[in-house]
Amino acid sequence: MMKILVTVKEVATVEDEFEIEGTAIADQYLGADLNEWDDYAIEEAVQLQEAGVADEVVTVTIGPEECEQTIRQALAKGADRAVRVWDDSLEGVDLLDVGAKTELLSAVIEEEDPDLVLTGVQAGDDSFGATGVSVAENLGYQWGAVVNHLEHGFDDDAASVRRELEGGVEELTEIELPAVLTIQTGINEPRYASLRGIRQAQRKELDVKALADIGVDESAIDADLELTDMYEPESESDVTTWEGSAEETAGELAELLRDKGVAQ
């Protein structure tokens, strides 16, 4: 039986209308949710457990105490326990880059020693899309990126996966364990947390670890990247909108299309 570790993240959500203050979006326009790609990774891990392939699903996140309710969504959906990494030294970090995340997550993974690590392809806020592969490289694990199908039977300590490549091409491959797979949206249908699951999640273990607890020095979180500016890009095209019903606006649309040479 396998142990599966899933990396999860609370990401910021932004209202349609917002204002930027310096290098950040003003707090009143922000919300928080579980990262969409991680939701699919959690579902895949729980399905593997239900199929009898895994006997434990552990999640790990980097974040302050305020993110715990969001992260407990993973426990409510079936993960067995969670690890949250946070430290006072992280409070003043504006941008936790891929290198820093790699060091922190790798330290927990080495301690947990899972057979399989699942991450989302990317995070909905910073969109680096590199953490899973970077962690695999750091640990010396095999890896597969942008996985959109994972066989729920594991033979000879290997995972059979289908990956998205450029130009709509897909690749079928066998990846030896231990491995890190970055999970693409659409690989499954993430479940809703039941009321029973939500109640149980409050009683499941959520272990908090500081940098010293996982043997990571503060120098490891020094970012190589610096956030220098944030702005809303200007639209590159004009948008025409009409008010009214379809019957009222169809003629105006047809006239515009004729003007653009799309319709005769």
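Calculation notes
- Residues numbered from 1 in each chain as written.
- Predicted model: local features only at pLDDT ≥ 70, side-chain atom pairs only at ≥ 80, totals over all residues.
- Heavy atoms only, no water.
- Patch = residues over 30% accessible without salt bridge, like charges linked within 9 Å, V, L, I, M, F, W, Y side chains within 5 Å.
- Areas by Shrake-Rupley, 256 points an atom, 1.4 Å probe, with all protein chains shown as cover.
- Salt bridge = Lys/Arg side-chain N within 4 Å of Asp/Glu carboxyl O.
- Lys, Arg positive; Asp, Glu negative; His and termini not counted.
- Charge placed at Lys NZ, Arg CZ, Asp CG, Glu CD.
- Helix = DSSP H or I, 4+ residues; strand = E, 2+ residues; numbered from the N terminus.
- Buried < 20%, exposed > 50% of the residue type's maximum accessible area, 1.4 Å probe, protein only.
- 1 Å grid on protein atoms, 1.4 Å probe; cavity = no way out; pocket = protein on both sides within 12 Å on 5 of 7 lines; lining within 4 Å.
- Points joined across faces, edges and corners; volume = space filled by probe spheres on them.
- Nonpolar A, V, L, I, M, F, W, Y, C, P; charged D, E, K, R; others polar.
- Core = buried A, V, L, I, M, F, W, Y, C linked by side-chain atoms within 4.5 Å.
- Contact = heavy atoms within 4.5 Å.
- Expected span 1.5 Å × (residues − 1).
- Pairing = 2+ DSSP bridges.
- Axes fitted to C-alpha atoms, helices over the stretch in contact; angles between N-to-C directions.

### A closer look at a negative patch on the surface
Okay, so step 1: On the surface, Glu 247, Glu 248, Glu 252, Glu 255 and Asp 259 cluster together into a patch of negative charge.
Okay, so step 2: Considering the arrangement of structural elements, one finds Glu 255 in helix α6 (residues 246-259).

### As for the pattern of salt bridges
Okay, so step 1: Within this structure, the stated rule accounts for 14 salt bridges.
Okay, so step 2: We note a salt bridge from Lys 9 to Asp 125, for which the minimum N-O separation is 2.9 Å. With Lys 9 in the loop between β1 (2-7) and β2 (10-14) and Asp 125 in the loop between β8 (116-120) and α4 (131-139), this residue pair connects regions lying 116 residues apart in the sequence.
Okay, so step 3: Given the relative accessible area of 19%, Lys 9 is considered buried.
Okay, so step 4: When its relative accessible area of 35% is taken as the criterion, Asp 125 is described as partly exposed.
Okay, so step 5: Arg 84 is paired through a salt bridge with Glu 68; the nearest N and O atoms lie 2.9 Å apart. On the criterion of sequence distance, the pair formed by Arg 84 in strand β7 (residues 81-85) and Glu 68 in helix α2 (residues 68-76) is long-range, its members being 16 residues apart.

### Points about the layout of surface pockets
Okay, so step 1: Its boundaries defined by the atoms lining it, the largest pocket holds a volume of some 1,600 Å³.
Okay, so step 2: At the level of secondary structure, the elements contributing two or more residues to the lining of the largest pocket comprise β2, β4 (24-25), β5 (30-34), β6 (54-62), α3 (98-112), β8 and α4.
Okay, so step 3: Among the elements that take part in the lining of the largest pocket, β2 stands out by supplying 4 residues, more than any other.
Okay, so step 4: Of the residues belonging to the lining of the largest pocket, the class tally is 26 nonpolar, 12 polar and 11 charged.

### Overview of the nonpolar core
Nonpolar side chains in soluble globular proteins generally cluster together in the buried interior.
Okay, so step 1: Core analysis: the largest hydrophobic core is formed by 36 residues, its most contacted members being Ile 4, Val 6, Leu 116, Leu 118, Phe 154 and Leu 181.
Okay, so step 2: Of all the secondary-structure elements, those providing two or more residues to this core are β1, α1 (36-50), β6, α2, β8, β9 (142-150), β10 (158-164) and β12 (179-183).
Okay, so step 3: Considering each element in turn, this core owes the most residues, 6 residues, to α1.
Okay, so step 4: With near-sequence residues (within four places) excluded, Phe 154 lies in contact with Met 2, Leu 48, Val 53, Leu 116, Ala 159 and Leu 177.
Okay, so step 5: Val 58, Val 60, Val 135 and Val 180 belong to the second-largest nonpolar core, a separate cluster that totals 25 residues.

### What about α6?
Okay, so step 1: Under the 1.5 Å per step criterion, the end-to-end length of α6 is 19 Å for 14 residues, consistent within 8% with the ideal 20 Å.
Okay, so step 2: After α6 finishes, the residue Gly 261 shows a positive phi value of roughly 80°.

### Things to note about the sheet that holds strand β13 (residues 206-209)
Okay, so step 1: Strand order in the open sheet formed by 9 strands is β11-β10-β9-β12-β8-β1-β6-β7-β13, with mixed pairing between adjacent strands. Among the strands making up the open sheet, the edge pair consists of β11 (170-176) and β13. Between one strand axis and the next, the sheet turns by 30° as a mean value, whatever way the strands run.
Okay, so step 2: As paired elements, β9 and β12 share 4 bridges and run parallel to each other. The residue bridging Val 147 from the neighbouring strand is Ile 183, located in β12.
Okay, so step 3: Of the strands in this sheet, β1, β6, β8, β9 and β12 are in contact with α1, which crosses β8 at around 150°.

### Concerning α2
Okay, so step 1: The element α2 is largely enclosed, with a buried count of 7 among its 9 residues.
Okay, so step 2: Along α2, the residues that are buried comprise Glu 68, Thr 70, Ile 71, Arg 72, Ala 74, Leu 75 and Ala 76.
Okay, so step 3: One or two residues past the end of α2 sits Gly 78, with phi positive at roughly 130°.

### Brief notes about the environment of Leu 105
Okay, so step 1: Relative to the helices and strands, Leu 105 is located in helix α3.
Okay, so step 2: Separated by 92 residues in the primary sequence, Leu 105 and Gly 197 have C-alpha atoms spaced 26 Å apart.
Okay, so step 3: If sequence neighbours within four positions are ignored, Leu 105 has contacts with Thr 7, Val 60, Ile 62, Thr 131 and Val 135.

### Some details on unusual backbone geometry
Okay, so step 1: Each neighbour pair has its own omega, and for Leu 177 with Pro 178 the value is 0°, a cis peptide bond.
Okay, so step 2: With respect to the secondary-structure elements, Pro 178 resides in the loop between β11 and β12.
Okay, so step 3: One non-glycine residue, Ser 127, lies in positive phi territory at about 55°.
Okay, so step 4: Mapped onto the fold, Ser 127 is located in the loop between β8 and α4.
Okay, so step 5: Looking at Ser 127, the relative accessible area reads 39%, which means it is partly exposed.
Okay, so step 6: One non-glycine residue, Val 146, lies in the positive phi region at around 55°.
Okay, so step 7: Mapped onto the secondary structure, Val 146 falls in strand β9.

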